[in-house]
Amino acid sequence: MIMANETKSPKADSFRNIATLLGEAIRKLNATCTYAELADDLLRTVLQSTGARRTIICKWTDDDEPLVIAAQGLPAPVTPGDEAVILDPLMRMAAGFGRIVNTEDAPKDNRFREIAHRMGLGIRRLGAAPMFNRGRAIGAVIYYSDPPGALTPEAAALLAEVSHCMAMAMELSTLRDQTHVDEITGLPTHREFLDRLTG
């Protein structure tokens, strides 16, 4: 009996990979994992899918100042404080559009030329996926690299999901820090229970 060869669609594999990523992120969020630990794992995934040299998560503080909260890849070509300030217009652009903004070659793209120039070291490929919490922009997942190149649809889908996961993780982390007793049951929350066990 001859069996037909099973062929796999690259798109189907990509969606399976995203589903696996989300499943793992949800498991980590429900455990004792902090958003910073989760951020490192997710940023490594972004590096692999985009082929970028560096990826960061930036959020806005209560004073509306940009702040790098996690990074993976090569060291920044500028100080972390400067990196956040220089990339702030990119974050605001992504937040304003409500979607990923990116360029294959920043020095040739009027929207990104100034950012690339200020970052230095020949930054060419650049992009950001906004993070939203309850309809409010709170920051972005950003990638950049020196060689030019397009963002594949699969990498864009993964980048969007990573930004969504990180927004949820940051919200959950805030809630865990604020809430010590479940309002309905009156029982200690997961975080409070663990703090009591280890304290």
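Here's what I pulled together on the structure shown here. (Residues numbered from 1 in each chain as written. Predicted model: local features only at pLDDT ≥ 70, side-chain atom pairs only at ≥ 80, totals over all residues. Heavy atoms only, no water.)

Secondary structure assignment for the chain yields six helices and five strands. Order of helices (α) and strands (β) in the chain, N terminus to C terminus: α-α-β-β-α-β-α-β-β-α-α. Relative to its full complement of 199 residues, the chain shows a buried share of 39%. Restricting the contact set of the chain to residue pairs at least 6 apart, pairs at least 24 apart contribute 58%. (Helix = DSSP H or I, 4+ residues; strand = E, 2+ residues; numbered from the N terminus. Buried < 20%, exposed > 50% of the residue type's maximum accessible area, 1.4 Å probe, protein only. Contact = heavy atoms within 4.5 Å.)

As for its placement among the helices and strands, Ser 145 is situated in strand β5 (residues 136-145). A polar atom in the side chain of Ser 145 sits 3.3 Å from the backbone nitrogen of Arg 53. (Polar contact = N/O pair within 3.5 Å; in protein donor to acceptor, adjacent residues only side chain to side chain.)

Per the counting criterion, the structure on display carries eight salt bridges. Between Arg 53 and Asp 146 there is a salt bridge, and its shortest N-O distance comes to 3.3 Å. Of the two residues, Arg 53 is situated in the loop between α2 (35-50) and β1 (54-60) and Asp 146 in the loop between β5 and α5 (153-178); the sequence distance between them amounts to 93 residues. Its relative accessible area of 39% is what places Arg 53 among the partly exposed residues. When the shortest N-O distance is used, the salt bridge between Asp 109 and Arg 111 registers 2.9 Å. Owing to a relative accessible area of 17%, Asp 109 belongs among the buried residues under this scheme. Each of Asp 64, Asp 88 and Arg 92 takes part in salt bridges that share partners, so that together they form one network. (Salt bridge = Lys/Arg side-chain N within 4 Å of Asp/Glu carboxyl O.)

Okay, helix α3 (residues 80-97) next. At 3.6 residues per turn, the α-helix brings residues three or four places apart onto the same side. Helix length check: α3 (18 residues) gives 25 Å between terminal C-alpha atoms against 26 Å at 1.5 Å per residue, within 8%. Helix geometry: α3 is bent most strongly at Asp 88, by close to 45 degrees, with proline Pro 89 lying one to four residues after it. Those residues of α3 not exposed but buried are Glu 83, Ala 84, Ile 86, Leu 87, Asp 88, Leu 90, Met 91, Met 93, Ala 94 and Ala 95. Where the residues of α3 are buried, they touch β1, β2 (66-73), β3 (101-103), α4 (113-119), β4 (125-133) and β5. At the exit of α3 stands Gly 98, carrying a positive phi of roughly 75 degrees. (Expected span 1.5 Å × (residues − 1). Bend = angle between axes of the 7 residues up to and from the residue.)

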